Every structure is written in C-alpha cells, then in structure tokens.
Number of protein chains: 2
Amino acid sequence: MKKTIITISREFGSGGREIGKKLAEQLNVPFYDKELIEIAAKESGLDKELFEEEDSRTSKGFRLLGALGYSLGGPLSTITELSLNDRLFLVQSQVIEQVAKEGACVIVGRCADYVLKDYDTVLNVFIHGNMKEKKERAIHSYEVDERDIENSIHKIDKRRANYYEYYTDRKWGRAENYDISLNSSTFGIDGCVEIIKEVAVNKSL
Amino acid sequence: MKKTIITISREFGSGGREIGKKLAEQLNVPFYDKELIEIAAKESGLDKELFEEEDSRTSKGFRLLGALGYSLGGPLSTITELSLNDRLFLVQSQVIEQVAKEGACVIVGRCADYVLKDYDTVLNVFIHGNMKEKKERAIHSYEVDERDIENSIHKIDKRRANYYEYYTDRKWGRAENYDISLNSSTFGIDGCVEIIKEVAVNKSL
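Residues numbered from 1 in each chain as written. Chains lettered and ligands numbered in written order. Predicted model: local features only at pLDDT ≥ 70, side-chain atom pairs only at ≥ 80, totals over all residues. Heavy atoms only, no water.

**Examining the relation of the copies chain A and chain B**
- Least-squares fitting of chain A to chain B yields an RMSD of 0.0 Å, with the superposition described by an axial translation of 0.0 Å and a rotation of 180°. Within this description, the copies of the chain are treated as partners about a two-fold rotation axis.
- The fraction of interface residues of chain A whose copies in chain B are also interface residues reaches 100%, indicating that both copies meet through the same surface. (Least-squares fit on C-alpha atoms with pLDDT ≥ 70 in both. Contact = heavy atoms within 4.5 Å.)

Below you can see the structure in the form of structure tokens.
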C-alpha cells in the first residue's frame, strides 16, 4: 500500500527536519513541524475549547487522553489533573489527526508516529547521524555554541527522548518504532529524501 | 561510496536471515551466518591456535581482545581469565575480519556490524518486524511451539541483545547502530532485499 502520510522523528543535528521539508516539496504535499502544528492548533480553536474546560476529570482533554490511549505512568483513574503540557500535547495530537485525515503530508516530531499508529497509510521514519556531521549541522544551521557542543546535542536528544517516552509506551530511537531508520551521514540529506520517496511509493506492502 | 560488505542484525522471526541469503544470491557474493562462521573458524585452524594458549593473560586471545577494543564490563587489567564463549567470540571476529578482507559478502549476526566498525565499505542493516508476522514465521520456519510463542520470541531476542551488549558498548536494536533499519512487515522480504540492494549500490555517500 502506498504510504501518503510520512512522519519523521530525528536526532538533533541529523538533518531530519530538512529531509522532511525537501520531501514535502518534492511530493508537493503540506509540511508540518512543531511550530506549524502549534499555529494550526491556535487557528483551529481546539486549544481554546480544551483550555476552557475547568474540571479535568470530565474534560474533553481527559476523555481524549483515554480515547487516544496515552500512557502517563499510571492508570487513568489515578490522574487528577492534566498539566498545561499534557493539554498542549492533546490539542497537537488532535491537529495531527486532522491534517492526516485531510490527506498526504509530512509531519516532523510531536510523536506523530505514535499519534497516527493506527493509520495504514502512514510511513514512520527515524533519521539519525554520526556525531561529526551532527556537530557541523548544529553549529551552522542552529548556531549552537561550539564549546560543549556534544553535550548540548545529547541534552536536546535527551529532552526529545523524555517527551516521547512520557507520552508513549515506547523507547525513542529504537528501530522497532519506525518502518525505516536512516543514517543521514551514510546517505546524505538528498540520499535520504530519495530513499524515503522510493519506499513510500513503491516498496510498502 | 559503494558498500560491498553488508552486515545484518535482526529480531527473531523478522526474516533477516532470509533477506541476507536472498541478497547474497542476487548480488552473487558469499553468505555467512552463525553456523558458517563457526565452520570457517574450525577450518581456519584459528580456534585451535587460540584454545591451545593456556595463560590467558598473555594469550593471543587476550591481546586480540585489547586490540579489538571489546568492552567486557571492566578494564582489561581486571580480567584474569577468558571464558570459552569469549574465546569463541574472538575467533569468530577474526574470521569475520578475514572474510571482509577477501571482498564483498553478506554476514548475518555475530556482532559483525561492531567487529567491522572501522571499515568504510560496510553497510550495517537491522531488520525488525511486527509481532503478527514474526509469530507466523517462527511457527512455520523455525517450528517454535505455538503455545507461549510471544514469550519465546522475546526470550530469543533478549539472548541476542545480551550477547550484543556483552561484546559491544552499544544497545541492540537502537537505530543509531545501523545505516538502515527496516520493518519487514512493512516492506516484505523481497521489498527489503530490493531496498538494501539499492541503497548499498547507489545511495551511500
């Protein structure tokens, strides 16, 4: 089956976002990253609706949480309050489901692989890279301070791993979560774009 | 650079061995798995040479261990004896290096990705799959008892992970260890063979 919705998770500095952007351009489909999903959430009015609910036990957010099956470290009955972050996550998850229902797209980050886990037409991709290239990209594209750069990269990845593992029951960066994982240092940005295009269109069962 | 040596690590039941065998046939290169590496070690006489050394502190095996940089859970100076398994691993690693030096090939298992980590012409692949297909393959291809099949699959993977993590400083199944990881349930056996052939020949930098 052709995979029309492509989610990309990535190590910091691996070029995963750039790969996603190029992929969307070449496939001529919408591209969403964290910032665009936040804007979409605001525009949809979903966040307003969710944040106006005061009683979290009976809120839409709370019901959503159950419906989406998110693991928050314990049975739902023990959760008495949803944090601001949890609510944001829920709104963003709704936006991701909405854009996926609208058709083909590329989504980077925001646990989109997990949010869309029951969709047959989704291809989940993980992009990682060697430290040498990740450091170069972090310095040039993201202007991260050259001193202590390796530590900064590890910290950002640790934050991504924590976010992913808080909202899903999976370990970030394990191959088993994704249909395909690629080392961008081996294949380059354009090489990764080519491979993903090829497997999304021609190779999936 | 064209990748002529392909190592395959795999979850039990994912079809990784079959993918490796088909790949070797289609590329017309030698295929090595655990059994064939054991035979090669015997035929090479390397195992005899290693096992005849009695003083493990000064044995070839011990020096090899240092030269190959294997982590055995502590500094080398604290290891007073190499177990039979450690010696077997060293002989097999030597065989893997030998066959890699001889030219193009496909090697399944035996931490070949780690043993050959300094070779530029190596493509490291990880194959995983969904439980449904892994169960079917385990029952039909490996005649694993249908009762408690999921538990059996987990146990075998746990053994593989332990072996990998004992002899390397890496976590088995993490995408970052490999150039490409593929879900065989998404792409099928032949799909995976096609993708690996394509990326090994045309896409690597």
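So much for the structure itself; the text now carries on.
**Re the packing of helix α1 (residues 16-27) of chain A against helix α9 (residues 184-203) of chain A**
All names here are of chain A.
- Two elements in contact, α1 and α9, have axes whose closest approach is 9 Å; the angle formed by their N-to-C orientations is 30°. Here α1 is positioned roughly parallel relative to α9, judged by the angle of their axes. α9 is crossed by α1, and the crossing has right-handed handedness. When α1 is examined against α9, the residues E18, I19, K22, L23, Q26 and L27 are found in contact with a partner set consisting of S184, I189, D190, C192, V193, E194, I196 and K197.
- Looking at the contact of α1 with α9 residue by residue, the classes come out as seven nonpolar, two polar and five charged. (Axes fitted to C-alpha atoms, helices over the stretch in contact; angles between N-to-C directions. Helix = DSSP H or I, 4+ residues; strand = E, 2+ residues; numbered from the N terminus. Parallel < 35°, antiparallel > 145°, perpendicular 65-115°, else oblique. Left-handed = near helix turned anticlockwise from the far one by under 90°. Nonpolar A, V, L, I, M, F, W, Y, C, P; charged D, E, K, R; others polar.)

**As for the interface of chain A and chain B**
- The interface is formed by 28 residues belonging to chain A together with 28 residues belonging to chain B.
- With both chains or domains summed, chain A and chain B bury close to 2,100 Å², and 58% of this area falls on carbon and sulfur atoms.
- Our count for the contact surface shared by chain A and chain B stands at zero salt bridges.
- At the junction of chain A with chain B, the criterion picks out 13 residue pairs in polar contact (both at pLDDT 80 or more).
- Of all the elements in the fold, those that place two or more residues in the side of chain A that touches chain B are β4 (122-128), β5 (180-183) and α9 of chain A.
- Of all the elements, α9(A) adds the most residues to the side of chain A that touches chain B, at ten residues.
- Along the lines of polarity and charge, the residues of the side of chain A that touches chain B split into eleven nonpolar, ten polar and seven charged.
- Pairing of β5(A) with strand β5 (residues 180-183) of chain B, which is carried by three bridges, proceeds in the antiparallel orientation. Along β5(B), the bridge assignment pairs A:L182 with B:I180. (Buried area = accessible area lost by both parts, 1.4 Å probe. Salt bridge = Lys/Arg side-chain N within 4 Å of Asp/Glu carboxyl O. Polar contact = N/O pair within 3.5 Å; in protein donor to acceptor, adjacent residues only side chain to side chain. Pairing = 2+ DSSP bridges.)

**Here's the deal with empty space enclosed by the protein**
- Counted according to the given criterion, the structure contains one cavity of 30 Å³ or more.
- Approximately 50 Å³ is the volume attributed to the largest cavity.
- Forming the boundary of the largest cavity are A:E194, A:I195, A:E198, A:V199, A:K203, B:I195, B:E198, B:V199 and B:K203.
- Elements supplying a minimum of two residues to the lining of the largest cavity: α9 of chain A together with α9 (184-203) of chain B.
- For the lining of the largest cavity, the element with the most residues is α9(A), which contributes five residues. (1 Å grid on protein atoms, 1.4 Å probe; cavity = no way out; pocket = protein on both sides within 12 Å on 5 of 7 lines; lining within 4 Å. Points joined across faces, edges and corners; volume = space filled by probe spheres on them.)

**Describing the nonpolar core**
- Core analysis: the biggest nonpolar cluster contains 52 residues, and A:I96, A:I107, A:L116, B:I96, B:I107 and B:L116 have the highest contact counts within it.
- Ranked by size, the runner-up nonpolar core spans 44 residues in total, among them A:V125, B:L123, B:I180 and B:C192. (Core = buried A, V, L, I, M, F, W, Y, C linked by side-chain atoms within 4.5 Å. Buried < 20%, exposed > 50% of the residue type's maximum accessible area, 1.4 Å probe, protein only.)

**Quick notes on the sheet that holds strand β4 (residues 122-128) of chain B**
- Within the open sheet, the ten strands sit side by side as β2(A)-β3(A)-β1(A)-β4(A)-β5(A)-β5(B)-β4(B)-β1(B)-β3(B)-β2(B). Their pairing is mixed. Each edge of the sheet is formed by a strand with only one pairing partner; in this case those strands are β2 (31-32) of chain A together with β2 (31-32) of chain B.
- Bridge count for β4(A) against β5(A) is four bridges, and the pairing is parallel. Looking at the pairing, A:V125 lines up with A:I180 of β5(A).

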